[in-house]
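Per-entry structural report
Here is how the chains run, residue by residue.
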Amino acid sequence: MPDTPPHPFAASAPEVDLVLLGGDIGIYALARAFHEKYGTVATVVTRKVAGPVADSSILRTVEIGMGASEEDMIQALMRVGRDKAARPGGTRPVLLANADFLVALMAAHRKELGELYHLPLLADEVLHAVADKASFSQICTEIGVPTPRTEVLDFSSGTAPELPELDLGWPLVAKASRSSAYNAVSFPGKRKVFEIEDRHQLMDLIARLTSAGYRDRFVLQEMIPGDDTAMLSVTAYVDSQGAVTLLGGAQVLLEEHTPGALGNPAAMFTTDLPEVFDQSVRFLQHSGYRGYANFDVKIDPRDSMGKFFEVNPRIGRNNYYMTAAGANVAEPVVADLIEERELRRLVPREEILYSIVPWMLLRRYIVDPDLRARVREIGRRRTVHPLAYGIEGAKRRAYVLAAKANQVKKFLQHYPRPSADGF
């Protein structure tokens, strides 16, 4: 049953305008959160109007074409912003994106965009530090936040880096230090995350990255044992004064396994993670963080500690689990930038199952019978899909059904049965 708004819009709610750059499921989830809380009809600027944002009554789309450059995106945002500024009685919109390279693009143009929009962005030096997985790991080590053992390969010279002796064990995990730089290259077998079995496979990956013209750092990390259910997601917002005004988390049950989306949660349930939350706040306050943050953490069965993998300098694709559980993600940014008021920290109040896959597929991958029983009970009370918003029309409902069916097809192709390490 599609979700409907939890309550009517408050009469005293501020007038809120929202512009979103991108067009994926996370963008729709943001638009939905603002609509549920403030009745906002968002403007979505995207290269292509794809299924997640098509035929929706809660947003308007501005399509700029698949061939649009980054400069074209900025110019489109400027046009939208100027148009809104010219309307009588119009309010200054909040501008958000939900992909690392788009956040980096907005930061590079913060001066001109900031004249038209509220921009909940990190300072340039903080963004550079925390969005880089290598420096993220270094910061964690400095402040005592657990993180996997890490080695860094530097491709900035344009030649293959020398491979040092490694003490990480095999297999190991390899991934780009900054996804914004990795998006710029293409090569056969490209994946978001690589499981590397031996030194020969690692040398092959280094050769492919060099040939593709990759010019940034690549991170090698020890493999933390455990399948997808060992993963945790933490979502936060830090206001302009440095206060953490949104904080919540979930245990992941199943991640996506297509090469380009590997690691994105497909199902999870909200839960309290006090130690991990304390460490998240420590990182945010130490680093001078501002705006939305999304941490990826994995429980290491060898010491039962949550090892922090990265922080995304944005709210994350799967942010709707927070809104559905009672901590609407729109409220902290509105309180911070529009109302300019202090906000008592929002935390999720309800235990809910967030899932973009059918239950019969999800249960296939939850091998622990006790966990499966717990998840089934939570799901019976409330299961949410970010795209299944009850006020939408028949086309949207048909799309959600088709998207679920497509998830079944993708899992059977790329991850037909659960594995011990999630690869």
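Just above, that's the structure.
Right, let's walk through the structure included here. (Residues numbered from 1 in each chain as written. Predicted model: local features only at pLDDT ≥ 70, side-chain atom pairs only at ≥ 80, totals over all residues. Heavy atoms only, no water.)

For the chain, the count of helices and strands is 14 helices and 15 strands. Principal-axis analysis of the C-alpha atoms places the extent of the chain at approximately 65 × 50 × 40 Å. A total of 423 residues make up the chain; the buried ones form 55% of that total. When contacts within the chain are restricted to residue pairs at least 6 apart in sequence, those whose partners lie at least 24 apart make up 70%. For the chain, the exposed area adds up to about 18,000 Å²; of that, 50% sits on carbon and sulfur atoms. Once the 49 positive and 53 negative side-chain charges of the chain are each reduced to a mean point, those two points are 6 Å apart. (Helix = DSSP H or I, 4+ residues; strand = E, 2+ residues; numbered from the N terminus. Buried < 20%, exposed > 50% of the residue type's maximum accessible area, 1.4 Å probe, protein only. Contact = heavy atoms within 4.5 Å. Areas by Shrake-Rupley, 256 points an atom, 1.4 Å probe, with all protein chains shown as cover. Lys, Arg positive; Asp, Glu negative; His and termini not counted. Charge placed at Lys NZ, Arg CZ, Asp CG, Glu CD.)

Taking strand neighbours across the sheet as the criterion, the four strands line up as 3-2-1-4 in an open arrangement whose pairing is parallel. Strands with a single pairing partner mark the edges of an open sheet, and in this sheet they are strand 3 (59-63) and strand 4 (94-97). With strand direction ignored, the average angle separating the axes of adjacent strands in the sheet is 20 degrees. The sheet contact formed by strand 1 (residues 18-21) and strand 2 (residues 42-46) spans three bridges and is parallel. (Pairing = 2+ DSSP bridges. Axes fitted to C-alpha atoms, helices over the stretch in contact; angles between N-to-C directions.)

Bringing the nonpolar core into the picture now. Counting 67 residues, the largest nonpolar core has L20, F34 and L253 as the members making the most contacts within it. Per element, the largest residue contribution to this core is nine residues, and it comes from helix 1 (residues 25-38). With near-sequence residues (within four places) excluded, L253 lies in contact with D228, T229, A267, M268, F269, L353, L362, I366, L371 and V375. Counting residues in hydrophobic clusters, the runner-up holds 49 residues, among them M106, V126, V145 and L232. (Core = buried A, V, L, I, M, F, W, Y, C linked by side-chain atoms within 4.5 Å.)

This part takes up the side chain of N312. Counting through the fold element by element, N312 comes out in strand 13 (residues 305-312). If near-sequence neighbours (up to four positions away) are discounted, N312 is found in contact with D100, Y289, Y292, A293, N294 and D296.

Turning next to the pattern of salt bridges. Following the criterion strictly, the structure yields 24 salt bridges and no others. Here E351 and R374 are joined by a salt bridge, their closest N and O atoms 3.1 Å apart. Pair noted here: E351 is in the loop between helix 11 (330-338) and strand 14 (353-355) and R374 is in helix 13 (residues 369-381), with a separation of 23 residues, a long-range link. Judged by relative accessible area, R374 falls into the partly exposed class, the value being 38%. By sharing partners, the salt bridges in this structure join R149, D167, E222, D300, R302, D303 and K307 into a single network. (Salt bridge = Lys/Arg side-chain N within 4 Å of Asp/Glu carboxyl O.)

A separate point is the pairing of strand 4. Every second residue of strand 4 is oriented toward a common face, with V94 and L96 on one face and L95 and A97 on the other, all of them buried. Of the pairings in the sheet, the one linking strand 1 to strand 4 comprises four bridges and is parallel in character. What sits directly across from L20, in strand 4, is L96.

Take the packing of aromatic side chains next. Enumeration according to the criterion identifies 15 aromatic pairs in this entry. Their ring planes at 50 degrees and their centres at 6.5 Å tell us that F34 and Y38 sit as a pair that is tilted. Taken together, the positions of F34 and Y38, both in helix 1 and four residues apart, correspond to about one turn of that helix. Overall, the relative accessible area of 0% leaves F34 in the buried class. Exposure remark for Y38: the relative accessible area of 11% places this residue in the buried category. By the ring-pair criterion, three or more aromatic residues cluster together here, those being F155, Y182, F187, F194, Y214 and F218. One cation-aromatic arrangement involves K190 over Y182; the distance from NZ or CZ to the ring centre is 4.5 Å. Cation over ring: R396 sits above Y28, and NZ or CZ is 4.4 Å from the ring centre. (Phe/Tyr/Trp six-rings, centres within 6.5 Å; stacked < 30°, edge-to-face > 60°. Lys NZ or Arg CZ within 6 Å of the ring centre and 35° of its normal.)

One open sheet accounts for four strands, arranged 5-8-6-7; its pairing is antiparallel. Lying at the two open borders of the sheet, with one neighbouring strand each, are strand 5 (150-154) and strand 7 (194-196). Between one strand axis and the next, the sheet turns by 25 degrees as a mean value, whatever way the strands run. The pairing of strand 6 (residues 172-176) with strand 7 spans three bridges and is classified as antiparallel. For L172, the partnering residue across the bridge sits in strand 7 and is I196. Helix 8 (residues 199-211) rests against strand 5, strand 6, strand 7 and strand 8 (217-222) of the sheet, and its axis sits at about 140 degrees to strand 7.

Here helix 13 contains 13 residues, and its C-alpha end-to-end distance of 19 Å stays within 8% of the 18 Å for a straight helix at 1.5 Å per residue. Taken residue by residue, helix 13 has L371, V375, I378 and G379 as its buried positions. Across the axial projection of helix 13, the buried residues extend over an arc of 100 degrees, all falling on one side. With respect to the buried face of helix 13, the exposed residues turned more than 90 degrees away are P369, D370 and R380. (Expected span 1.5 Å × (residues − 1). Arc of directions from axis to C-beta.)

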